[in-house]
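Listed below, chain by chain, are the residues.
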Amino acid sequence: MRDGALLVRLAAAPVDGAANAELIAVLAGALDLPKRSIRIVSGDRSRAKRVHVDGMDAAAVFSALGLS
(Lines give C-alpha, C1' and ligand atoms only; values in the text may rest on other atoms or scores of the structure.)
Protein backbone atom coordinates (compact mmCIF):
# COMPACT_ATOMS: atom_id res chain seq x y z
CA MET A 1 0.00 0.00 0.00
CA ARG A 2 1.11 3.53 -0.67
CA ASP A 3 -0.78 6.65 0.42
CA GLY A 4 -3.92 4.62 1.12
CA ALA A 5 -3.89 2.95 -2.30
CA LEU A 6 -3.26 -0.69 -3.10
CA LEU A 7 -0.34 -1.13 -5.50
CA VAL A 8 -0.61 -3.96 -7.99
CA ARG A 9 2.20 -4.73 -10.43
CA LEU A 10 1.05 -6.31 -13.66
CA ALA A 11 2.92 -8.05 -16.45
CA ALA A 12 0.42 -7.13 -19.18
CA ALA A 13 1.09 -4.08 -21.30
CA PRO A 14 -1.51 -1.30 -21.22
CA VAL A 15 -2.62 -2.10 -24.77
CA ASP A 16 -6.18 -2.93 -25.83
CA GLY A 17 -7.32 -3.29 -22.21
CA ALA A 18 -4.94 -6.15 -21.43
CA ALA A 19 -3.67 -4.56 -18.21
CA ASN A 20 -7.22 -3.81 -17.04
CA ALA A 21 -8.25 -7.42 -17.71
CA GLU A 22 -5.20 -8.69 -15.83
CA LEU A 23 -5.95 -6.40 -12.88
CA ILE A 24 -9.48 -7.77 -12.65
CA ALA A 25 -8.18 -11.35 -12.89
CA VAL A 26 -5.53 -10.76 -10.19
CA LEU A 27 -8.03 -9.19 -7.80
CA ALA A 28 -10.63 -11.88 -8.48
CA GLY A 29 -8.09 -14.59 -7.73
CA ALA A 30 -6.83 -12.90 -4.58
CA LEU A 31 -10.37 -12.32 -3.29
CA ASP A 32 -11.68 -15.73 -4.44
CA LEU A 33 -14.44 -14.10 -6.47
CA PRO A 34 -15.60 -14.45 -10.05
CA LYS A 35 -14.16 -11.82 -12.40
CA ARG A 36 -17.67 -10.49 -13.07
CA SER A 37 -17.78 -9.30 -9.41
CA ILE A 38 -15.03 -6.74 -10.02
CA ARG A 39 -15.23 -3.74 -12.33
CA ILE A 40 -13.14 -0.67 -12.95
CA VAL A 41 -15.25 2.39 -12.16
CA SER A 42 -12.69 5.07 -13.01
CA GLY A 43 -9.21 5.33 -14.44
CA ASP A 44 -9.54 2.66 -17.12
CA ARG A 45 -6.98 4.58 -19.22
CA SER A 46 -4.78 5.72 -16.34
CA ARG A 47 -2.30 4.13 -13.95
CA ALA A 48 -4.50 5.05 -10.98
CA LYS A 49 -7.79 3.15 -10.97
CA ARG A 50 -10.80 2.75 -8.75
CA VAL A 51 -12.51 -0.61 -8.66
CA HIS A 52 -15.82 -1.79 -7.30
CA VAL A 53 -16.09 -5.23 -5.74
CA ASP A 54 -19.67 -6.52 -5.59
CA GLY A 55 -20.67 -7.69 -2.14
CA MET A 56 -17.61 -6.35 -0.28
CA ASP A 57 -16.80 -2.98 1.21
CA ALA A 58 -13.27 -1.57 1.33
CA ALA A 59 -12.62 -2.91 4.83
CA ALA A 60 -13.62 -6.43 3.79
CA VAL A 61 -11.42 -6.25 0.68
CA PHE A 62 -8.40 -5.07 2.68
CA SER A 63 -9.03 -7.77 5.28
CA ALA A 64 -9.30 -10.48 2.61
CA LEU A 65 -6.00 -9.26 1.16
CA GLY A 66 -4.38 -9.33 4.61
CA LEU A 67 -3.95 -5.56 4.73
CA SER A 68 -6.02 -4.62 7.76
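What counts and how
- Along each chain, residue indices are assigned from 1 in the same order as the chain's sequence is written.
- The predicted origin of the model limits local features to residues at a pLDDT of at least 70 and limits the giving and counting of side-chain atom pairs to 80 or more, whereas totals for whole chains, interfaces and linings rest on all residues.
- The side-chain quantities take in all heavy atoms of the structure and omit both hydrogens and water.
- Numbering of helices and strands runs from the N terminus, with a helix taken as a DSSP run of H or I at least four residues long and a strand as a DSSP run of E at least two residues long.
- For a compact globule the rule gives 2.2 Å times the number of residues to the power 0.38, and the radius of gyration it is set against comes from C-alpha atoms.
- For every residue, the accessible area obtained with a 1.4 Å probe (protein chains only) is divided by the maximum for its type, and the residue is called buried under 20%, exposed over 50%, and partly exposed between those limits.
- The criterion used for residue contact is that any of the two residues' heavy atoms lie within 4.5 Å.
- Methods summary: accessible areas were calculated by the Shrake-Rupley approach with a probe of 1.4 Å, and residue burial reflects only the protein chains presented.
- In this description, a nonpolar core means a group of buried Ala, Val, Leu, Ile, Met, Phe, Trp, Tyr and Cys residues linked to one another through side-chain atoms lying within 4.5 Å.
- Any helix carries an expected span of 1.5 Å times its number of residues minus one.
- Within this analysis, patches are made of residues with over 30% relative accessible area and no salt bridge. Like charges are joined at 9 Å or less; nonpolar side chains (Val, Leu, Ile, Met, Phe, Trp, Tyr) at 5 Å or less.
- Salt bridges are defined by distance alone: a side-chain nitrogen of Lys or Arg within 4 Å of a carboxyl oxygen of Asp or Glu.

A word on the overall build of the protein. Looking only at helices and strands, one finds two helices and two strands in the protein. Mapped in sequence order, the helices and strands of the protein form the string α-β-β-α. Taking 11 Å as the expected radius of gyration for a compact globule of 68 residues, we find that the protein reaches 12 Å, a close match to that expectation. Across its three principal axes, the protein shows a C-alpha extent of roughly 30 × 30 × 20 Å. Residue burial in the protein is summarised as follows: out of 68 residues, 16% are buried. Counted over contacts in the protein with a minimum sequence separation of 6, partners at least 24 positions apart contribute 22%. When the accessible surface of the protein is summed, it comes to about 5000 Å², and 50% of that surface belongs to carbon and sulfur atoms.

So, on to the environment of Met1. Along the chain, the position of Met1 falls in the segment before α1 (18-31). When residues no more than four places from it in sequence are discounted, the contact partners of Met1 are Phe62 and Leu67.

This part covers the nonpolar core. Among the nonpolar cores identified, the biggest contains eight residues, and these are Leu23, Ile24, Leu27, Ala28, Leu31, Ile38, Val53 and Val61. Per-element tally for this core: the top contributor is α1, with five residues. Filtering out sequence-adjacent residues up to four positions away, Val61 remains in contact with Leu31, Val53 and Met56.

Moving on to α1. Over its 14 residues, α1 extends 20 Å from the first C-alpha to the last, a length consistent with the 20 Å expected when each residue adds 1.5 Å. Tucked into the core, α1 has its buried residues touching β1 (38-42), β2 (50-53) and α2 (58-64). Just downstream of α1, Asp32 is the residue with a positive phi angle, here 55 degrees.

The grouping of Met1, Leu6, Val8, Val26 and Leu67 at the surface amounts to a nonpolar patch, some 370 Å² of accessible area in total. Looking at where Leu67 falls in the secondary structure, it is placed in the segment after α2. Judged by relative accessible area, Leu67 falls into the partly exposed class, the value being 36%.

Right, let's get into the side chain of Ser37. Summarising the element assignment, Ser37 is placed in the loop between α1 and β1. In contact with Ser37, not counting residues within four places along its chain, are His52, Val53 and Asp54.

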